[in-house]
Amino acid sequence: MKTPLQEPTFLILTALARAPLHGYGLILEVSELSQGRLSLRPGTLYGSLDRLSDDGLVTVDRTEVVDGRARKYYRLTDEGTELLRTETERMRQAVQVATLRLAGGFA
Amino acid sequence: MTDLLRERYTRLLRWYPVADRADRGAEIVDTYVDLAATGQRRPRPADAVDLMAGGLRQRLRAHSALGLADALPVAGSLALMMTTVLAAVWLINTESPGVWHDPASPMLGPFHSIGTPTWVAWLLAPLAAPLGLGRWAVAAAITVTAAVAVAVSVVPWFEMTALHPPLFLLVAQIGLGLAALAADNRRGLLDTAVVIAPAAVAAALAAMVVPEHQIGREALSVAALILVTAVVVLGVFFTARRDRRGWWPAALLVWPVLLLGMGLSLSSTYSFASRKAVVVWAVASLLAAVAVLTLAVRRQAWRARRRAEARILHFHRVAEQAAAEAKTSPPLAK
């Protein structure tokens, strides 16, 4: 997958970094991470999950049956974790440079 | 209540391929029901659009042609830039103080041309982007353009404003506008607003030196040329970067480019006068564009199938080779 990642993709990967989540949980987590700015709709979310799965970044962790409904939980693959780590480091460096410059320093 | 809502969401899954509906349908509907507000009885319009877009995307995925969906925003931005720049040209061409206006001709309020509300609507569209209303503004501009196109077609010319826009020009604007609906609602339209600022200035300068009697023809040829150059450059760039958008922007903009070509191909008198010629051209070019897209999607699916078959064949060969080597090599000493 090409970097830099688009914001929804970055947030989906970030949401899955802590623990596997099902679709509904992922939507809530992404909304919280973006402070309510980004609310994914299920059609968009599952399309993104398929794409991330095609790229080997996300996979189905397990399926649980709750109230007679099957819920699939998704998790990051090792490749997904590595990509998120790389992207986070890239963003961290960019933020560091910007912070230094705003403070009047050299970078 | 929940069962009824579930049933209504399930009905919207018809946009998805059968395999996806079987594999994922229940999961998608369950998530919608979980997100539904208390007492909600029907899917929201935005949910219906989301499911339609999701279903169509899955159909493209089934054909290994997701690049087409990825290319929609960039094609939309290009189309929007073009519509806005052209609108600036037409506005200056008709309302500029330097243009001669027959004092006896009817006016539309303060305007010399019935086309002016159209051009103003297009120029306002990118400005609505910061409010998150960009797509609504584009839809409104398309509606105004379509209304003016109908007026130009049915009102006799002697009752019309002197500088009314020819039908071929309005139809090209509508075609570009429909493509512009694919621009990213906020970011794409914002980018467009930034990019078109210098372009609009250039358009204004160009319009001032274009003689009045040649209204639009030079601008149309330049617009077609810019659009073709842009998609070729993008195609080469995306292909070099192995970006799956590849040449999809070019395939998506076939119809607008053909519509821009209409004003150049038809003779000046003919294209101004004949509604039939414009309608025939618009429909024929739409059919040609749909055929190009369909063929491109099928070719992509065929190439993906070939690649998958080649991979399987390669694995078989490697496995056979490994088995043959295992047979011929001496057994390991115990």
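None of the values given here were measured: they were computed from a predicted structure.

**Q** Outline the overall build of chain A, supporting the account with residue identities and numerical values.
**A** On a plain count of helices and strands, chain A comes out with 4 helices and 3 strands. Along its sequence from the N terminus, chain A presents helices and strands in the succession α-β-α-α-β-β-α. Expressed as a percentage of the 107 residues in chain A, the buried residues total 36%. The long-range fraction of contacts in chain A, counting pairs at least 24 apart against all pairs at least 6 apart in sequence, stands at 46%. Total accessible area on chain A is roughly 6,300 Å²; 52% of this is exposed by carbon and sulfur atoms.

**Q** Kindly report on the packing of aromatic side chains, identifying the contributing residues and their values.
**A** All names here are of chain B. Scanning the entire structure with this criterion turns up 3 aromatic pairs over all chains. Ring centres of W90 and W119 lie 6.3 Å apart, and the angle between their planes is 55 degrees; this geometry places the pair in the tilted category. Here W119 lies in helix α5 (residues 116–124) and W90 lies in helix α4 (residues 66–95), a separation of 29 residues in the sequence. Considered together, W90 and W119 belong to a single accessibility category, that of buried residues.

**Q** I'd love a proper account of the UniProt feature "transmembrane region" (unreviewed entry) in chain B, names of residues and values included.
**A** The residues that UniProt annotates with the feature "transmembrane region" (unreviewed entry) are residues 66–91, 111–129, 136–158, 164–182, 189–210, 222–240, 247–266 and 278–297 of chain B. The span residues 66–91 of chain B is 100% helical and 0% strand by assignment, and the distance between its end C-alpha atoms comes to 38 Å.

**Q** Summarise the interface of chain A and chain B; cite the residues concerned and give the values.
**A** Note: interface size is frequently given as the accessible area lost on complex formation between the parts. The partner chain B presents 25 residues to the 19 residues of chain A that form the contact. Of the roughly 2,100 Å² buried where chain A meets chain B, counting both sides, 41% is carbon and sulfur surface. Across the chain A-chain B interface, the total number found is 9 salt bridges. Across the pair R69(A) and D34(B) runs a salt bridge, and its minimum N-O distance is 2.9 Å. Those elements that place two or more of their residues in the side of chain A that touches chain B are α2 (23–33), α3 (42–54) and β3 (69–76) of chain A. Top element by residues in the side of chain A that touches chain B is α3(A). It accounts for 8 residues. By residue class, the composition of the side of chain A that touches chain B is 6 nonpolar, 4 polar and 9 charged.

**Q** With reference to specific residues and values, describe the nonpolar core.
**A** Of all hydrophobic cores here, the largest spans 60 residues; its most connected members are L86(B), W90(B), W122(B), L253(B) and L260(B). Elements that contribute at least two residues to this core include exactly α4, α5, α6 (134–154), α7 (167–180), α9 (217–240), α10 (248–252), α11 (254–265) and α13 (275–328) of chain B. If we ignore the near neighbours within four places in the chain, the residues touching L253(B) are A75(B), L78(B), A79(B), A179(B), L227(B) and V231(B). Counting 34 residues, the second largest nonpolar core, distinct from the first, contains I12(A), L38(A), Y9(B) and L13(B).

**Q** Residue-level account of the confidence of the model for chain B, with values.
**A** Mean pLDDT for chain B: 83, with 80% of residues reaching 70 or above. Per-element averaging of pLDDT across chain B places helix α12 (residues 268–273) of chain B at the bottom with 54 and α10(B) at the top with 95.

**Q** Mind laying out the environment of A87(B), listing which residues take part and the relevant values?
**A** Residue and element names in this part refer to chain B. For A87, the location among the structural elements is in helix α4. Residues A87 and G115, 28 residues apart in the sequence, show an inter-C-alpha distance of 9.5 Å. In this view, A87 contacts W119, W122, L123 and Q173; residues no more than four positions away in its chain are not counted.

**Q** Account for the pattern of salt bridges, with residues named and values stated.
**A** Scanning all chains against the criterion turns up 23 salt bridges over all chains. We note a salt bridge from D61(A) to R62(A), for which the minimum N-O separation is 2.8 Å. For R62(A), a relative accessible area of 33% gives the class partly exposed. One continuous salt-bridge network, built from bridges that share partners, spans D50(A), D54(A), R24(B), E27(B) and R61(B).

**Q** Summarise unusual backbone geometry; cite the residues concerned and give the values.
**A** All names here are of chain B. A positive phi angle is found at S64, which is not glycine, with a value near 55 degrees. Not every positive phi belongs to a glycine, and R242 is a case in point at roughly 55 degrees. Checked against the element boundaries, R242 lands in the loop between α9 and α10. According to the relative accessible area criterion, R242 is exposed, its value standing at 75%.

**Q** Lay out the packing of α3(A) against helix α3 (residues 45–62) of chain B in plain terms, naming residues and giving numbers.
**A** Helix-helix packing: each pair is described by the crossing angle between the helix axes and the interaxial distance. Relative to each other, α3(A) and α3(B) sit at 25 degrees, their axes nearing to 8 Å. Compared by their axis directions, α3(A) and α3(B) come out roughly parallel. Mapping the contact onto sequence places P42(A), G43(A), T44(A), G47(A), D50(A), R51(A) and D54(A) in α3(A) and D50(B), G54(B), R57(B), Q58(B) and R61(B) in α3(B). Here the residues of the contact of α3(A) with α3(B) sort into 1 nonpolar, 5 polar and 6 charged.

About the thresholds
- Residues numbered from 1 in each chain as written.
- Chains lettered and ligands numbered in written order.
- Predicted model: local features only at pLDDT ≥ 70, side-chain atom pairs only at ≥ 80, totals over all residues.
- Heavy atoms only, no water.
- Helix = DSSP H or I, 4+ residues; strand = E, 2+ residues; numbered from the N terminus.
- Buried < 20%, exposed > 50% of the residue type's maximum accessible area, 1.4 Å probe, protein only.
- Contact = heavy atoms within 4.5 Å.
- Areas by Shrake-Rupley, 256 points an atom, 1.4 Å probe, with all protein chains shown as cover.
- Phe/Tyr/Trp six-rings, centres within 6.5 Å; stacked < 30°, edge-to-face > 60°.
- UniProt positions renumbered as here; feature names shortened; annotations may be inferred.
- Buried area = accessible area lost by both parts, 1.4 Å probe.
- Salt bridge = Lys/Arg side-chain N within 4 Å of Asp/Glu carboxyl O.
- Nonpolar A, V, L, I, M, F, W, Y, C, P; charged D, E, K, R; others polar.
- Core = buried A, V, L, I, M, F, W, Y, C linked by side-chain atoms within 4.5 Å.
- pLDDT = per-residue confidence, 0-100.
- Axes fitted to C-alpha atoms, helices over the stretch in contact; angles between N-to-C directions.
- Parallel < 35°, antiparallel > 145°, perpendicular 65-115°, else oblique.

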